[in-house]
Amino acid sequence: MDRRPDVDRRPGAGAAPGLEIIIARLMTVGTYVAIGFVLLGVAGMLLTAVDPLDHGTPPAFDLGRIPGDLLALRPEGFLWAGLVVVMGIPIGRVIVAGVGFLRVGERRLAAISLAVLLVVLAAILAAQGLEG
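Residues numbered from 1 in each chain as written. Predicted model: local features only at pLDDT ≥ 70, side-chain atom pairs only at ≥ 80, totals over all residues. Heavy atoms only, no water.

## As for the overall build of the protein chain
Formally: A helix here means a DSSP run of H or I that spans at least four residues, while a strand means a run of E at least two residues long, and both kinds are numbered starting from the N terminus. The buried label applies to any residue whose accessible area, calculated with a 1.4 Å probe on protein chains only, is under 20% of its type's maximum; exposed applies above 50%, and partly exposed to all values in between. We call two residues contacting when some pair of their heavy atoms lies within 4.5 Å. Note that accessible areas follow from Shrake-Rupley with a 1.4 Å probe, and for residues the cover is restricted to the protein chains shown.
Helix and strand counts for the protein chain stand at four helices and zero strands. Within the protein chain, the fraction of its 132 residues that count as buried is 20%. A separation of at least 24 residues holds for 62% of the contacts in the protein chain among residues at least 6 apart in sequence. When the accessible area of the protein chain is evaluated, it comes to approximately 9,700 Å², of which 69% is carbon and sulfur surface.

## Observations regarding the pattern of salt bridges
Rules: Salt bridge, as used here: a side-chain nitrogen of Lys or Arg that lies within 4 Å of a carboxyl oxygen of Asp or Glu.
Applying the stated criterion across every chain, the model contains two salt bridges. The residue R65 makes a salt bridge to D69 at a minimum N-O spacing of 3.5 Å. We note a salt bridge from D69 to R74, for which the minimum N-O separation is 2.6 Å. Here the salt bridges do not stand alone but share partners, grouping R65, D69 and R74 into one network.

## Describing the packing of helix α1 (residues 19-47) against helix α3 (residues 75-103)
Our working definition: Lines fitted to the C-alpha atoms define the axes, with helices restricted to the stretch that makes contact. Angles between their N-to-C directions range from 0 to 180 degrees. Throughout, the term roughly parallel applies to angles under 35 degrees, roughly antiparallel to angles over 145, roughly perpendicular to angles from 65 to 115, and oblique to all others.
One way to put it is that α1 packs onto α3 with a least axis distance of 7 Å and a crossing angle of 175°. Between α1 and α3, the angle is such that the two are roughly antiparallel.

## Overview of the side chain of S113
Residue position: S113 is located in helix α4 (residues 107-131). Once you skip the residues sitting within four places of it in the chain, S113 turns out to touch V94, A97, G98 and F101.

## Structural notes on the packing of aromatic side chains
Our working rule: Only Phe, Tyr and Trp rings take part, Trp by its six-membered ring, and two of them pair if their centres are within 6.5 Å. Stacked means planes under 30 degrees apart, edge-to-face means over 60, and tilted covers everything else.
This structure, assessed with the given rule, holds two aromatic pairs. Taking the centre distance of 6.2 Å and the plane angle of 45° together, the rings of F37 and F78 count as tilted. Placement of the pair is F37 in helix α1 and F78 in helix α3, with a sequence separation of 41 residues. Residue F37 is classed as partly exposed on the basis of its relative accessible area, which comes to 22%.

## Structural notes on the nonpolar core
Defined as follows: The nonpolar core is taken to be a set of buried Ala, Val, Leu, Ile, Met, Phe, Trp, Tyr and Cys residues, with the residues joined through side-chain atoms within 4.5 Å.
With six residues, the main nonpolar core is built from L19, I23, A97, F101, L109 and A110. Of all the secondary structure elements, the ones that give two or more residues to this core are α1, α3 and α4. Discounting chain neighbours no more than four positions away, the residues touching I23 are R93, V96 and A97.

## Some words on the environment of M27
By secondary structure assignment, the location of M27 is in helix α1. Given the relative accessible area of 34%, M27 is considered partly exposed. For the pair M27 and I89, spaced 62 residues apart in the sequence, the C-alpha separation amounts to 6.1 Å. When neighbours within four sequence positions are excluded, M27 is seen to be in contact with I89 and R93.

## Describing the confidence of the model for the protein chain
Inclusion rule: A residue's pLDDT is simply how confident the predictor is in it, with values from 0 to 100.
In this model, the protein chain carries an average pLDDT of 85, and 84% of its residues clear a pLDDT of 70 or more. Within the protein chain, helix α2 (residues 66-71) carries the highest mean pLDDT (94), whereas α4 carries the lowest (90).

## Details of the environment of D69
Looking at the secondary structure, you find D69 in helix α2. In this structure D69 comes out as buried when scored by relative accessible area, which is 4%. Remark: the alpha-carbon pair of D69 and A81, spanning 12 residues in sequence, is separated by 9.5 Å. Excluding residues within four positions of it along the chain, D69 makes contact with R74, E76 and G77.

If you want it as structure tokens, here you go:
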């Protein structure tokens, strides 16, 4: 047994070398992508003279419409895409961490990651149920 004080014995400590770097890059790139989509959406609104405060109700969220809106260069498509990326970043982080834990045999931490994903999924389904 290693009794050195500099060895971190916490569960998952050192479990996947480089995992933190991968997660940091995912979050950084995801944030830049989200900001880019939102900026393009705002620029599109300015260029087409759309005043977001003039609409009585915001456009309804429809995940299936986003690709078509992006291809048609509709500003709302870029805004929705940015919001989807923002919501997806933490989910992606949990998925990457769970896979990283599985790869190094940390089953308990991988199970916790799966539990977090299930809670997020339940929240999404509950929100859809409340909306409809």
